[in-house]
Every structure is written in C-alpha cells, then in structure tokens.
Amino acid sequence: MLTPRIESLRKNHLESDPCISAERLRLATEAHQKFTCEPPVLIRARVFDYILRNMTVHINPGELLIGTHTDKNRCAPLYPEYSSSGWMSEQIDLFPVRSTDPLQVSPEDRTDILEHLAWWQGKSMQDITNNALPPDILLEEECALYTIGSRDSATGHITPNYERLLSEGLEGYIGRCRQKIGEVVGGSKEAQEKINFWKACIIAAEGVIAYAERCADKVTELAAVEKDPQRKAELLKIGNICRRVPRKKPASFHEAMQFVWFIQLMMHLETPAHANSLSRFDQYMYPYYIADKKAGILTDEEALELIQCLYIKVADIIKLRNSYYSAAFAGYVMWPTLLVGGQTPDGHDASNELSYLALEASNGIKLHSPAIGIRICDETPEALIDLGVEMNQDGQANPAFFGDKVVVPMMVDKGGSLEEARDWTIVGCVEPHPGGGTSDGSPTSGYLNALKCLELVLHNGVDLITGKEVGLKTGDPTKFTSITEVMDALKAQCVHCYDNIMRGYNIVVGHHMTYLPTTFSSMIMEDCIDKGMSIQEGGARHSYTGCFFCGTASVADSLAAIDTVVFKKKLYTMEQLIAALDKNFEGEEVMRQTLINAAPKFGNDNDYADGFAREIFNYCADYVERPEHKDARGGQYCLSNLSETLHVTHGHNTLASADGRLAHTPLSDNASPSMGRDINGPTAAMNSVANMEQQHAWDGTLYNIRFDPKAVSGEKGKRIMRSMVKSFVDNGGHHVQINVVDDKTLIAAQEHPEDYRSLVVRIAGYMAYFTELDKECQDNLIYRTAHHI
C-alpha cells in the first residue's frame, strides 16, 4: 500500500513524457567560453561548478528528497563536450517521433539547442575520437562486426565509496585535498598535474555544496508561502538537511538518504556516464537506519517512504542517445543497480532489516529503475530469497539474483583482496567488481557480434552485405573437413576483432584522460585523491574495462548444426549450406528445418550443444583477460557474456545463419538460449547456462528466463522457483533474472498501451516499461520461451 505522497510522485513520474532540456547545454557552453586558459582538469571542474551554481533548482510537490539533473521531470540534459553536435542537430526533429526511446523537444528548447550546438561543431569527444580511430576499425564497425565504446559518454561506470563519503562528508574530502597540496612541492610536470587535480576536486566539491545550499534556499522560500502546516514543517526540515549534507556527514537516516541522492545526482550532472551503482545499500545505510530506530525517531513506514522517494528520483534519470544506440539500449536505460544481501567481510550472511525494506519498497512502487539484485551466499536466509521470488511471481521484473559462490573467487582472480571480493558489487547490468568504492569498472570497450564473425568465416573474410573484405581471411570454408577447423577459424576471427576493439578503445581512453578527465566522479573513488589522478588516468585502486560477447547461443547452435548436418550426417555440403544462407533460405525451407531440428540446441542441458558455447566463449575470455591486455589507463580487460539489446541491432546487419535463423532478425539474447529453442524445461535451460564455466567471465554473465504465471503460482511455485535459483547459483551461475508474464498480457499491452503504462519487464540486467519499447523489442520478449514446470 503506497502512501498518498508516493502515489502522487509515482503518478507524476509515469505520466511525464520523456523529454530534452537545453539548460545544461547552454550553461556548459557559457562555461567553456568563460574558462579557456587552464589545464583540462581545472576547466572541467569550473564547468561543473558553473552549472551547479546556475542551473534551475526544480522541486516537485511532496518530495522528501530533492535535486534534479534538469529543469523538468524525466528529462535528458545534453553534454556537448561528449556527444557530437552533428547528429544532435541532424536528428533533433526525429527525437519526438522515432520508434525507440522518443524524447519530446519544446519549440523553445529546440531553438536554444540548435543555437548553442553551433559553437560545438567538431569539438566533442565523439568528433575527436571518430577522427582518431584507424580506417580499418571504422570499416569493421560499419559492417557491424563490433562497436568501439565510450566515444560519446564518460569512461567510468563507478561505484562511489558511500561508506567513506557518509563518514567524512565533502568537507573531509576537501580537507584531504588541501592537505595533499600542502605536502607536494611543485616544480615538476607530474607534481603540478597532481596539484591541479586536487584543486579541481576542491572546486567540484564546493560546487556540489553550493548546489545543496541553493536547494535549501529554494525549499525555505517554498516553506514561507506554504499553507499546509505539515508540508511547511517538512520543507523546513529538508532545508536544514540540505544545509548540512553533503557538506558534513549525516546525522540521521533522512540526511543520509539525501546525501546518497546528491552523490548519485552529481555523477549524472558532471558527465553523461551511466551505470553509476547504488551498490550495497543495505550495508552502508544500515547504521543510520538502526540508530534512528533505536532513538525512536524513525519508523519502518517512514524509512520505506524515503526509500521509495529515492527510487522515484533514480527512475527519473534518463539520457539522450542517437538513433542507433537508442535501439541498442532500448528502454531509456541508465543501469543503476542496488544490491542487498551477500556476505560480511568475514564471510557470513550480511542481510539485515534494511535488505527486506529495500525489496518491499520496490515491491510497492513497481518502477523500471533502479534494478534490484539479491546476492546469495550459503547463509542467505530463505526468507530473503522468498521475498524476491514472490515479487517475481507477482509479475515484477525485480529483483535479479546473483551468486556469491562463483563471484567471490572471481573477484580474487581479478585482483581484489578476499575482503574486497566479499564486498563485491555490480556496476552496469551484471558486471561484478571487488570492493565498493575501489573499482572503476566496466567502461564499455565494445560489443562483438560473434555470429557475424562466423558469417565471415563462411565467406573467408568478406562481408556480403557491403561487399567489403573485413576481418581475417581464414581460408576457403568449402575446404574445411571438420568442425574443429571451423572453430579454429572462428577463434581467429574473434581474436582479430578483440585486438581491434582493444586497439581502438585504447585510443579513446587516451583522449578521455587528455581532454575530459572527471573531477567529482574521481574524487569519490578510493585512491584517486591519494594518487592525485583521475579515474580516466587509472587513479582508482582497481580499473577494469568490459569487452562483450554477443550471440552466444546463436553461434553455438550454428556450430552444432554445421557439425551435425555437414560433417557428421553429411546431409548437405558446405557449398550447399553457404548458398542457402546467402539467399536467406529462399527455396530451401527443408534445409532450414533440418538445421533447426537435426542438431541439439544450447539451453537443453545437452553437453554436446552446450560445449560449443562454452568453448568459444571461454577461449575469448581467456584471451581478452590475459595480464598484458590493459587499456591506456592500466585497466584490465574483462569479457562479459551479454548483449543488452544489441542482439536486435546486430541482427539487422547479419545474414541468415546455420541455426536456421533468418537474415536481419535478432541474434540470441545475452547468455540465454535462442528464443524458443530451450524446449526441455527451465531446469535444463538453467543448467546449460550455469555450466558455461562462468568464472571465466570476469565481467559477468547475463541470463534471462521467462515463466508462464500459471506454472509458478502459489506456495508450490514459490518453492520451485527458490529451489531453481539456489541450484543455479550453487552450480556456478553468476546471474539470473526472471520475467513471469504470459504472452496474452504482452500482446494486450501492445494493442492497448494506455492500459499497461506501468508494465515493467526485464530486458538485459535492466528493466523497462514494456509499452515504451518499440515493437521489435517487444516481439523479441514475446518470443522468449515461457517455461512451464
């Protein structure tokens, strides 16, 4: 049961059409024109400070947590330092009408945007890095072999050290920076660069404090004219809180919640970065919760309402993407993940009362963000898992489940101490990293279209769609005599692509550290102040970069079909197969059905089919994660078995494949079996995914599974789902997310979206409102197997 306040705020969120604001663009332009004669790190800090001191303080009626990143609700600011003014200007009239993630633009904002974008022509990070990337990499990207990431966004997917921030306040961080400046003697380039960084951190932190003071001034003004005594008292209390935090350490649960929101908000105001994690909320917030409870100044109902206020604020954060990436990351996704449960530093159950409240808050409010995850260890109470399962049974997309059994040793392998490994957290969809606040993790280096690599193997390096020779010449496929030769050629093609992804991304990182180092986002990460370095330069204690592998099941099923039909049963020659693929099986439906039905498919607990997926993915993981494979900031490359919704966009540029898939249709979804091919039940499907030897996937494995509601209803269904989740993580599964929704509901939502505006579905480690997805993405969800038990 939601309080009237939360009902009103939730309604306001759901009824706000996503839009664009010109304000940050205008302020950033003014600031860059004003501050031009200092090192980049100081310019970046002064721009951030200028924005915070001049942006609109927008407060919604009834809010208990305040602060927004634009002057409107559910509104995207613009970051001309990062995104090219070219595509923003060219596509501005398409934003409101495009099929994926449309954004409204008022006439006033449109005029303002075009006027200020003119100054930025050719100056953005995207423009600079596009010009710096080698022609061969740009060609292979054009042919949809892979993407090169972080050209129009900040490099850091970060988890701040919330515990330290809350214990020191920003005054403590400013004091440490001043102390460092006093300890360093200038006179060298290296020393001056550190001094510049510390000065920039101070400027940024003081800007954040100034913004909080402006919020306090605004609510005090509102209180002066407020007629309702209860709301007047609330506004005065909020004003007092904002004059205290984040300058000082919080003294109450409400103050700590406002502090956390300010930190989350500032990361989105400084840069267009996404996947800024809320981390282990039940751990760093618990001391404030239990202290207020013991003091008799906080009830669970009040705590629940504050948590739901935070969720609404988080859900309002969106960003502008171009037409390609709005489809590749469909659903206005920002990937803010909040974890509960898991282990204490000494390896015991870490769940507490706040773990349950965080889930109950999500259970009541039913928004698309933040994504909630339950960490499961040996001692995790069944009651916590059951609450998560009950939410899934109810048709909610929250929470997902993560397994400590595979992740903790994986974090040690990645370089964390045992204590940091037990304190692992998620940034992005499913990417695990050691030590909350110590890891700058998972900047996106690129997504590999693995099925396209197999397509190139079958055409000796030629992309038939463009007619261009890309990738490697791996030999005449008609001369291959075994599946081993096909697999070896595929491995070579994938390695070639990953080499180019890493080569291209290193160029991008070098430009980030040179042109756009972050100050505030660096300051709140451990070791950056001690080193006097931004996260873009490798200042964080641990730095990682994600490489992604897309189309796992499509590749495995294709290899199994080729082996069975061509090499084992000799039903068709390789020449016949390739000819049929090239003409999209036109006139070859018998062959297509043979390919679909003659060979086992990944996702049915069949080790023959599953082995192809395991072999190619783990080969690529072991290659990418070699110690010598570091990015320009020293970040270790890590492989992840996920695709977001790029399996849809990759499919647009991929011909028919040997698994029977038609040309230009979606690839398999993340690490899940291909849609409709997991026919032996959910346990078999989960076993196939768990048996991928997921410890190789240092950046995580994303698994979607869907159940028909009738199959998992009631107490029996809850016991079955709990057992399946526990077995999955016990067998080495890192992550599973569950949709419990039937085709009838999804089809009805397509036909009558006005009646299903709040229907939330899991996409790929994140959630989206189903009716805001374009039809292709909706259909892709409907095609997922709806398992019965």
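Treat the numbers as computed from the prediction; the structure is a model and nothing was measured. Once a new chain begins, its residue numbering starts again from 1 and follows that chain's sequence as written. Predicted model: local features are reported for residues with pLDDT of at least 70 only, side-chain atom pairs are reported and counted for 80 or more only, and whole-chain, interface and lining totals are derived from all residues. Note that the side-chain values use all heavy atoms of the structure and ignore hydrogens as well as water.

## Some points on the UniProt feature "modified residue: Glycine radical" (unreviewed entry) in the protein chain
Consideration 1: UniProt positions are given in the numbering used here, feature names are shortened, and annotations may be inferred rather than shown by experiment. Under the UniProt annotation, the feature "modified residue: Glycine radical" (unreviewed entry) is placed at G765.
Consideration 2: As for its placement among the helices and strands, G765 is situated in the loop between β18 (760-762) and β19 (767-769).
Consideration 3: Judged by relative accessible area, G765 falls into the buried class, the value being 2%.
Consideration 4: Only heavy atoms enter the contact rule, under which two residues are in contact if any of them lie within 4.5 Å. Residues within four places of G765 in sequence aside, it is in contact with A371, C429, V430, L702 and Q737. The secondary structure listing takes helices from DSSP runs of H or I that are at least 4 residues long and strands from runs of E that are at least 2 residues long, numbered from the N terminus. Burial classification: accessible surface area is computed with a 1.4 Å probe over protein chains only, and a residue below 20% of its type maximum counts as buried, one above 50% as exposed, and the rest as partly exposed.

## Let's talk about the packing of helix α24 (residues 552-568) against helix α26 (residues 589-598)
Consideration 1: Contact geometry for α24 and α26: axes closest at 9 Å, N-to-C directions at 110 degrees. By the criterion of interaxial angle, the relationship of α24 to α26 is roughly perpendicular. Judged by the sense of rotation from one axis to the other, the crossing of α24 with α26 is right-handed. On the side of α24, the interface is formed by A561, T564 and V565, while α26 contributes T594, L595 and A598.
Consideration 2: Residue type decides the class: Asp, Glu, Lys and Arg count as charged, Ala, Val, Leu, Ile, Met, Phe, Trp, Tyr, Cys and Pro as nonpolar, and the leftover types, Gly among them, as polar. Each residue belonging to the contact of α24 with α26 can be placed in one class, and the counts come to 4 nonpolar, 2 polar and no charged. Interaxial angles span 0 to 180 degrees and are taken between N-to-C directions of axes, which are lines fitted to C-alpha atoms, for helices over the stretch in contact. Each angle receives one of four descriptions, namely roughly parallel if under 35 degrees, roughly antiparallel if over 145, roughly perpendicular if within 65 to 115, and oblique otherwise. The handedness criterion is simple: a crossing whose near helix is rotated anticlockwise from the far helix by less than a right angle is left-handed, and one whose near helix is rotated clockwise is right-handed.

## Structural notes on the packing of aromatic side chains
Describing an aromatic ring pair means giving the distance of the ring centres and the angle of the ring planes.
Consideration 1: Planes of paired rings set the category: under 30 degrees apart is stacked, over 60 is edge-to-face and the rest tilted, where pairs are Phe, Tyr or Trp rings (Trp by its six-membered ring) whose centres lie within 6.5 Å. Tallying each qualifying case throughout the model produces 20 aromatic pairs.
Consideration 2: Arranged with centres 5.5 Å apart and planes meeting at 90 degrees, the rings of F549 and F617 form a pair that is edge-to-face. Of this pair, F549 sits in strand β14 (residues 542-550) while F617 is found in helix α27 (residues 607-624), placing the two residues 68 residues apart along the sequence.
Consideration 3: Among the residues examined, F617 registers a relative accessible area of 2% and is labelled buried.
Consideration 4: Aromatic rings pair up to connect Y324, Y325, F329, W335, Y447, F548 and Y766 into one cluster.

## Some points on helix α29 (residues 682-690)
Consideration 1: Here α29 lies mainly inside the structure; 8 of its 9 residues are buried.
Consideration 2: Along α29, the positions that sit buried rather than exposed are P682, A684, A685, M686, N687, S688, V689 and A690.
Consideration 3: If you follow the buried residues of α29, they end up packed against α27, β16 (704-707), α30 (714-730), β17 (735-740) and β20 (786-787).

## Some remarks on the pattern of salt bridges
Consideration 1: A pairing counts as a salt bridge when a side-chain nitrogen of Lys or Arg comes within 4 Å of a carboxyl oxygen of Asp or Glu. For the coordinates displayed, the defined rule picks out 57 salt bridges.
Consideration 2: Taking the shortest distance from any N to any O, the salt bridge between R164 and E526 comes out at 2.8 Å. Within this pair, whereas R164 is found in helix α8 (residues 162-183), its partner E526 is found in the loop between α22 (520-523) and α23 (528-531), the two being separated by 362 residues in sequence.
Consideration 3: When its relative accessible area of 8% is taken as the criterion, E526 is described as buried.
Consideration 4: In this structure, the salt-bridge partner of K189 is E193, at a minimum N-O distance of 2.5 Å. Note that K189 and E193 are positioned in helix α9 (residues 189-225) at a spacing of 4 residues, about one turn of the helix.
Consideration 5: When its relative accessible area of 58% is taken as the criterion, K189 is described as exposed.
Consideration 6: Three or more residues are tied together by salt bridges with common partners; here these are R164, E168, R176, E420, E526, D527 and R541.

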